[in-house]
Amino acid sequence: MRCEVLLFAQLAEAAGEAELMVDLPDGASVADALEALSQEHESIAALRNRIAVAVDEAYVRAGTILEDGCTLVLIPPVSGG
């Protein structure tokens, strides 16, 4: 299956793009997607345990099973003042 991935803030800056595509086997989970993306992008690997993930506009957990054509949104930790 193929899913769109949207990156924000420092993830997009480090990857050099805000949108990616990831190919995964059927039945793959959010954790599987993060693993695949971490292998290709050091910025995702470095923040993997602190990234919030939404799928099709709803926050999800690592065990959530993905569907073909879904959109993953990777949201890095933010701080402000």
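For the structure itself, consult the block above.
In this report, the structure presented in the accompanying data block is examined. (Residues numbered from 1 in each chain as written. Predicted model: local features only at pLDDT ≥ 70, side-chain atom pairs only at ≥ 80, totals over all residues. Heavy atoms only, no water.)

**Notes on the pattern of salt bridges**
A complete count under the given rule lists 2 salt bridges for this structure. Between Glu35 and Arg48 there is a salt bridge; the shortest N-O distance is 2.5 Å. Separated by 13 residues along the polypeptide, Glu35 in helix H2 (residues 30-40) and Arg48 in the loop between helix H3 (42-47) and strand S3 (52-55) bring together distant segments of the chain. On the accessibility criterion, Glu35 (34% relative accessible area) is partly exposed. Judged by relative accessible area, which is 25%, Arg48 ranks as partly exposed. (Salt bridge = Lys/Arg side-chain N within 4 Å of Asp/Glu carboxyl O. Helix = DSSP H or I, 4+ residues; strand = E, 2+ residues; numbered from the N terminus. Buried < 20%, exposed > 50% of the residue type's maximum accessible area, 1.4 Å probe, protein only.)

**Notes on the sheet that holds strand S5 (residues 71-75)**
Strand order in the open sheet formed by 5 strands is S2-S1-S5-S3-S4, with mixed pairing between adjacent strands. Both edges of this open sheet fall to strand S2 (19-23) and strand S4 (58-59), since each of them pairs with a single strand only. (Pairing = 2+ DSSP bridges.)

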